[in-house]
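Residue strings, one per chain:
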Amino acid sequence: MNLSPPACAAMMICEIHNVPVEMIDVDLMKREHYTPEFLKYAAIIEGVRKPSEKMLKEVEEAYGYLEAFLSNLKFVAGDRMTLADIAIVATVSGLRHIIAIDPKQ
């Protein structure tokens, strides 16, 4: 099951804190995410299919900021792992499929 970055972050938090979760597969090809049952739980459905050049440049810039920030620190918000670190891992793990991360950094 592939998860979006926000869902991945939520799952990581649940796992860290031993919160039981029921995962339900939704078949997007069958448009199950448009059923009334699904929509009563869905907050936002975005229609972006391909990122714009501006979005791609912003992702590249964010990678640069993150790399610079983490070059002197182990974690993004203090001296131990926090929700911020988990959220960043979840986001970057999704973004790397749009813009690859340079393995040399």
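Structure: see above.
A brief report on the enclosed structure follows. (Residues numbered from 1 in each chain as written. Predicted model: local features only at pLDDT ≥ 70, side-chain atom pairs only at ≥ 80, totals over all residues. Heavy atoms only, no water.)

### Focus on the overall build of the protein chain
Reasoning step 1: On a plain count of helices and strands, the protein chain comes out with 4 helices and 0 strands.
Reasoning step 2: Element order for the protein chain, N to C, with α for helix and β for strand: α-α-α-α.
Reasoning step 3: Looking at the 105 residues of the protein chain, the share that counts as buried comes to 12%.
Reasoning step 4: Within the protein chain, counting contacts between residues at least 6 apart in sequence, those at least 24 apart form 47% of the total. (Helix = DSSP H or I, 4+ residues; strand = E, 2+ residues; numbered from the N terminus. Buried < 20%, exposed > 50% of the residue type's maximum accessible area, 1.4 Å probe, protein only. Contact = heavy atoms within 4.5 Å.)

### Let's talk about unusual backbone geometry
Reasoning step 1: Even without a glycine there, the phi angle at Asn18 is positive, about 55 degrees.
Reasoning step 2: Overall, Asn18 belongs to the exposed group, its relative accessible area being 67%.
Reasoning step 3: Look at Arg31: it is not a glycine, yet its phi comes out positive at around 60 degrees.
Reasoning step 4: With respect to the element layout, Arg31 can be found in the loop between α1 (5-16) and α2 (36-39).

### Regarding the pattern of salt bridges
Reasoning step 1: Across all of its chains, the model carries 1 salt bridge by this definition.
Reasoning step 2: Among the ionic pairs, Lys54 bridges to Glu58, the shortest N-O distance being 3.6 Å. Taken together, the positions of Lys54 and Glu58, both in helix α3 (residues 53-70) and 4 residues apart, correspond to about one turn of that helix.
Reasoning step 3: A relative accessible area of 41% means that Glu58 is categorised as partly exposed. (Salt bridge = Lys/Arg side-chain N within 4 Å of Asp/Glu carboxyl O.)

### So, a nonpolar patch on the surface
Reasoning step 1: A cluster of nonpolar side chains, Val19, Val21 and Met23, forms an exposed patch at the surface whose accessible area comes to about 230 Å².
Reasoning step 2: When you line up the elements, Val19 lands in the loop between α1 and α2. (Patch = residues over 30% accessible without salt bridge, like charges linked within 9 Å, V, L, I, M, F, W, Y side chains within 5 Å. Areas by Shrake-Rupley, 256 points an atom, 1.4 Å probe, with all protein chains shown as cover.)

### Describing the side chain of Asp85
Reasoning step 1: Mapped onto the secondary structure, Asp85 falls in helix α4 (residues 83-95).
Reasoning step 2: Those residues within four positions of Asp85 in sequence are excluded, and the remaining contacts are Phe75, Val76, Ala77 and Arg80.

### With respect to the environment of Met23
Reasoning step 1: By the secondary structure assignment, Met23 is in the loop between α1 and α2.
Reasoning step 2: On the basis of relative accessible area, Met23 is assigned to the partly exposed category, the value being 37%.
Reasoning step 3: Note: C-alpha distance between Met23 and Met11 (12 residues apart in sequence) is 9.7 Å.

### Considerations on the packing of α3 against α4
Reasoning step 1: It is the contact of α3 with α4, at a shortest axis distance of 12 Å, that shows an interaxial angle of 135 degrees. As judged from the angle between their axes, α3 and α4 are oblique. Pair α3 / α4 crosses with left-handed handedness. Along its contact with α3, which presents Val59, Tyr63 and Leu66, the element α4 presents Ile88, Val92 and Leu95.
Reasoning step 2: For the contact of α3 with α4, the per-class residue count stands at 6 nonpolar, no polar and no charged. (Axes fitted to C-alpha atoms, helices over the stretch in contact; angles between N-to-C directions. Parallel < 35°, antiparallel > 145°, perpendicular 65-115°, else oblique. Left-handed = near helix turned anticlockwise from the far one by under 90°. Nonpolar A, V, L, I, M, F, W, Y, C, P; charged D, E, K, R; others polar.)

### Some details on the environment of Val89
Reasoning step 1: For Val89, the position within the fold is in helix α4.
Reasoning step 2: For Val89 and Met12, which are 77 residues apart along the polypeptide, the C-alpha to C-alpha distance reads 9.9 Å.

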